[in-house]
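# Per-entry structural report
Residues per chain, in single letters:
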Amino acid sequence: MKFELQAVCPDTGARAGLLHTDHGVIETPIFMPVGTAGSVKAVMQDQLLNDIKAEIILGNTYHLYLRPGTDIIEAAGGLHKFNGWDKPILTDSGGYQVFSLSGNRKLKEEGAMFQSHIDGSRHLFSPERVMDIQRSIGADIIMAFDECTPYPCDYEYARKSMEMTHRWLDRCVQRMGETEPKYGYNQSLFPIVQGSTYRDLRKISAEYIASKGADGNAIGGLSVGEPEQDMYEMAELVCGILPKDKPRYLMGVGTPWNIIENIGLGVDMFDCVMPTRNGRNGMLFTSQGVVNIKNKKWEKDFSPIDAGIENRFSNFYTRAYLRHLFQAKEILALQLASLQNLSFYLHLVKEARQHILAGTFASWKRTALDIVKTRL
C-alpha cells in the first residue's frame with residue numbers, strides 16, 4: 001500500500017491524496033460506507049459503485065465471524081468474491097464491540113471474551129485471533145485490536161486501557177508478520193490511537209502508534225458521546241503527531257459537519273453508520289441541508305429529493321413521493337433514503353477534495369458548514 005499526498009490546504013490541515021491498494025486507488029479525503037455483515041444495508045453493489053460512487057467499503061469482523069463464519073467466506077474466496085465487491089475493503093477489529101457490547105463481554109489481558117448476540121455462545125477475541133479472522137475475511141486494510149473506551153471515562157481507566165491497547169498492538173504486529181494473506185494480494189495493518197479525551201494520553205498513544213511505521217494510522221475512541229469540540233481538539237492533536245506521509249483514519253465519524261471540520265484538521269478517511277441508519281428513520285442529508293422527510297411540510301413538495309447531487313434516484317423521485325413511501329412503510333423508502341444519504345456523503349468529500357486541490361478549501365469550508373447544518 002502506498003499513500004501519495006497531492007495537496008495540502010495552506011490555511012488549514014486539509015489534505016488531498018491517493019491511496020494505492022491492490023484492489024484499486026482511493027481518492028482522499030474519502031467516506032467509507034459501512035457494510036457490517038458484508039452488505040451496506042438496503043444498497044446493492046452496483047448502486048454503491050455507479051450511483052453512490054463508493055471507492056472502499058467496510059466489513060465488521062465480529063459480525064462476519066459469527067455469521068456466516070470464516071469457513072464460508074474462505075470457501076467463497078474471501079469477502080470480495082463473496083459479496084461481489086472488487087474494490088478495497090476495510091475491516092474493523094471488533095474493538096468497537098468491546099465498547100458497544102460491554103454488557104456481553106469480559107476484558108482481560110489475553111483479549112475480550114464475547115457472548116454471541118445470536119445464540120449465546122462464547123468466543124475469545126485475542127489480538128492474534130482477530131488478525132487471523134481479518135486475514136480470512138480478506139480485507140485490504142486490517143485494523144489492530146483495541147479497546148474503545150467509553151465517554152466519560154476516568155483518567156486511570158483511560159491510561160490502563162490505552163496501555164493494554166498498545167500491548168495488543170504489539171501482538172497484532174507480530175501475528176501479521178508471522179502470517180500471509182490468503183488470497184494473493186497485500187493486506188495492511190492500521191494501528192489505532194486511543195487515550196479518551198486526555199491530551200497527555202492522546203499524545204503518548206499517537207507517538208507510540210507513529211513509531212510502528214504502519215501503512216496507515218487510525219484515531220479511535222471518539223464520537224462516543226463526547227462534546228464535538230473535544231473530538232476536534234483530540235483529532236487536531238493526534239494529526240499533528242501522526243506521520244504526514246501516511247493516511248489518517250478517524251473511526252466512526254460522523255455528521256457532515258463533523259467530516260468537514262475533521263478534514264480541515266488533516267483527517268483523510270471516515271466511516272459511520274449515520275447516513276444509512278438515519279436515512280432508514282427518515283432523516284435525509286442533502287446539498288441544501290437536513291430534511292426530516294416524514295414531516296407534513298413535504299407532502300406536496302414535488303421537487304427532486306436532491307437536485308444538487310448526481311445520484312439518478314435523488315433526481316428522479318420527489319420528496320412528496322419519498323414521504324408517501326415512509327408513511328406507507330414501503331421498503332423502497334429505506335432504499336431511497338440510504339442511497340440519498342450515502343450519495344451525499346461521497347459528494348461532500350469529493351467536493352472537499354476538489355477545493356483542496358484548487359487551494360480554496362478554507363473559504364468553501366465556511367460556506368459548506370452553514371449549509372450542511374441548516375434544518376429545512
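Let us look at the structure shown here. Only a predicted model underlies this, so the values are computations on that prediction, with no experimental measurement involved. (Residues numbered from 1 in each chain as written. Predicted model: local features only at pLDDT ≥ 70, side-chain atom pairs only at ≥ 80, totals over all residues. Heavy atoms only, no water.)

### A few points about empty space enclosed by the protein
Stated formally: Buried and open spaces are told apart on a 1 Å grid over the protein atoms alone, a cavity being a set of points where a 1.4 Å probe fits but cannot get out and a pocket being an open set with protein on both sides within 12 Å along at least five of seven lines. Residues with an atom within 4 Å of a point are the lining residues. Grid points are joined across faces, edges and corners, and a volume is the space filled by probe spheres set on the points. Note that Gly is not counted as nonpolar here; it falls among the polar residues with everything else outside the nonpolar set of Ala, Val, Leu, Ile, Met, Phe, Trp, Tyr, Cys and Pro and the charged set of Asp, Glu, Lys and Arg.
Summed over all chains, the structure comprises one cavity of 30 Å³ or more. The computed volume of the largest cavity comes to approximately 40 Å³. Lining the largest cavity we find Met-1, Thr-21, Asp-22, Asp-140, Asn-186 and Ser-188. A class-by-class count of the residues in the lining of the largest cavity yields one nonpolar, three polar and two charged.

### Quick look at the sheet that holds strand β14 (residues 248–250)
Hydrogen bonding along the main chain pairs the strands of a sheet, whether they run parallel or antiparallel. Operational definition: Two strands qualify as a pair provided that DSSP identifies no fewer than 2 bridges between them. Here a strand is any run of E in DSSP of at least two residues, a helix any run of H or I of at least four, and the numbering for each starts at the N terminus.
An order of β4-β15-β14-β13-β12 is seen for the five strands of this open sheet, with the pairing classed as parallel. Strands with a single pairing partner mark the edges of an open sheet, and in this sheet they are β4 (30–32) and β12 (192–193). Of the pairings in the sheet, the one linking strand β13 (residues 217–219) to β14 comprises three bridges and is parallel in character. Counterpart to Ile-219 in the pairing with β14 is Leu-250.

### Overview of the pattern of salt bridges
The following threshold applies: Any Lys or Arg side-chain nitrogen found within 4 Å of a carboxyl oxygen on Asp or Glu counts as a salt bridge. The classification of residues rests on relative accessible area computed with a 1.4 Å probe and restricted to protein chains. Under 20% of the type maximum is buried, over 50% is exposed, and intermediate values are partly exposed.
Evaluation of the coordinates by the stated rule reveals 15 salt bridges. The partner of Asp-132 in a salt bridge is Arg-175, and the shortest N-O contact between them spans 2.7 Å. With Asp-132 in helix α6 (residues 127–137) and Arg-175 in helix α7 (residues 155–178), this pair connects stretches of sequence that are 43 residues apart. Given the relative accessible area of 18%, Asp-132 is considered buried. Overall, the relative accessible area of 25% leaves Arg-175 in the partly exposed class. Between Glu-207 and Lys-203 there is a salt bridge whose closest N-O contact spans 2.7 Å. Of the two residues, Glu-207 and Lys-203 both sit in helix α8 (residues 199–210), four residues apart, roughly one turn of that helix. The partly exposed category is assigned to Glu-207, whose relative accessible area is 37%.

### Quick word on unusual backbone geometry
Apart from glycine, the bulk of residues carry a negative phi angle, and the bulk of peptide bonds sit in the trans form. With an omega of 5°, the peptide bond running from Thr-28 to Pro-29 counts as cis. In this fold, Pro-29 is placed in the loop between β3 (24–28) and β4. With an omega dihedral of 15°, the bond running from Arg-67 to Pro-68 counts as a cis peptide bond. Structurally, Pro-68 is set in the loop between α2 (61–66) and α3 (70–76). In this structure, Ser-196 is a non-glycine residue whose phi angle is positive, near 55°. For Ser-196, the location among the structural elements is in the loop between β12 and α8. The phi angle at Ser-223 is positive, at roughly 60°, despite the residue not being glycine. Residue position: Ser-223 is located in the loop between β13 and α9 (228–239).

Take it as geometry only, folks, not as evidence of what the structure does.
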